[in-house]
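Okay, here's what each chain looks like letter by letter:
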Amino acid sequence: MTGTKKRQDGPGDWSGGQIAYYQARADEYDATYSTRMDMPRLAKALDSLPVGGDVLEIACGTGQWTRLLSRRARSLTALDAAPEMLRRARGRMRGTATRFIEADVFDWEPDRQYDTVFFAFWLSHVPPMEMEPFWDLLRWALMPGGRVVFLDDSPAKAAIEEPADGIPVPTVHRTLADGSRHLAVKVLRDPAELSSQLNGLGWETHVEAIDRFHLAGVARPRESA
């Protein structure tokens, strides 16, 4: 990806703010899976998705999904920008050959290619102006015949979010157990909207609802794109 334009930090550094939020949230992150998500249902949905071969997981967090991916991967690389998250993920994956990378994916270039790129509840943290460069990166990260597999929130999750005003990217407030307030990008896309957008970016995509609050998708680059 030589010549890729890097995101510039500054007053509008939404990515840096989002990373800081996940750094601060690491101690309580796993509680999310008992309070906001139906993990058994989501894990079952993952079972039906085409994950295999050499796998890259983007935004691995504390390794909740890394653990499930490892059962199906020939090799597994897990990336996250928050060292506090990676520390927990490494602990969860102790004894495995998982390769961990600490990097902000918006400023990162892969050093190899993969059969599967996976991310769970990450795409909704990618702002609209980063969708095209992000999916360009995914295309570069895939082996020929590879696919992107993802899980995420549906628009119904808007009911439990607190939108932030006066910020140039779609952003929500998040409050941690210690009372500290943080900002995170949150873009809730419905299956039809997301499929249409990715089709326009040169991907063959199938996105469907898992339940009212969650969706799953598989995308493959179109050969002519």
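Basis of the calculations
- Residues numbered from 1 in each chain as written.
- Predicted model: local features only at pLDDT ≥ 70, side-chain atom pairs only at ≥ 80, totals over all residues.
- Heavy atoms only, no water.
- Phe/Tyr/Trp six-rings, centres within 6.5 Å; stacked < 30°, edge-to-face > 60°.
- Helix = DSSP H or I, 4+ residues; strand = E, 2+ residues; numbered from the N terminus.
- Lys NZ or Arg CZ within 6 Å of the ring centre and 35° of its normal.
- Pairing = 2+ DSSP bridges.
- Axes fitted to C-alpha atoms, helices over the stretch in contact; angles between N-to-C directions.
- Contact = heavy atoms within 4.5 Å.

> Help me understand the packing of aromatic side chains in this model?
For any pair of aromatic rings, the description rests on two quantities: the centre-to-centre distance and the angle between the ring planes. According to the stated counting rule, one finds 13 aromatic pairs in the structure shown. Centroid distance Trp65 to Phe121: 6.4 Å. Interplanar angle 35°. Geometry classified as tilted. You can see Trp65 sitting in helix α4 (residues 64-69) and its partner Phe121 sitting in the loop between β4 (114-120) and α6 (131-141), a full 56 residues away along the chain. With a centroid separation of 5.8 Å and an interplanar angle of 10°, the aromatic rings of Phe119 and Phe150 are classed as stacked. Of the two residues, Phe119 sits in strand β4 while Phe150 sits in strand β5 (residues 142-153), which places them 31 residues apart along the sequence. Among the aromatic residues, those joined into a ring-pair cluster are Trp14, Phe106, Phe119, Trp122, Phe134, Trp135, Phe150 and Trp203. Across from the ring centre of Tyr114, 4.6 Å away, lies the NZ or CZ of Arg112, which sits over that ring.

> Honestly, unusual backbone geometry in this entry has me stumped. Any pointers?
Only a minority of non-glycine residues have a phi that is not negative, and only a minority of peptide bonds are not trans. We note that Ala59 has phi near 60°; this positive angle belongs to a residue other than glycine. Although it is not a glycine, Phe121 sits at a positive phi angle of roughly 60°.

> So what exactly am I meant to see when it comes to the sheet that holds strand β3 (residues 99-102) here?
Hydrogen bonds between backbone atoms are what pair the strands of a sheet, whose relative direction is either parallel or antiparallel. Here we have 7 strands laid out as an open sheet, ordered β3-β2-β1-β4-β5-β10-β9, and mixed in their pairing. Only two strands of the sheet have a single neighbouring strand rather than two, namely β3 and β9 (203-209). The average angle at which neighbouring strand axes cross in this sheet is 15°, direction not considered. For β4 and β5, the ladder comprises 6 bridges, and the chain directions are parallel. Bridging across to β5, Tyr114 finds its partner in Leu142. Packing of helix α5 (residues 83-92) onto the sheet brings it into contact with β2 (73-80) and β3, and relative to β3 it is tilted by some 170°. Sheet contacts for α6: β1 (53-58), β4, β5, β9 and β10 (214-221); angle to β5, the most-contacted strand, approximately 135°.

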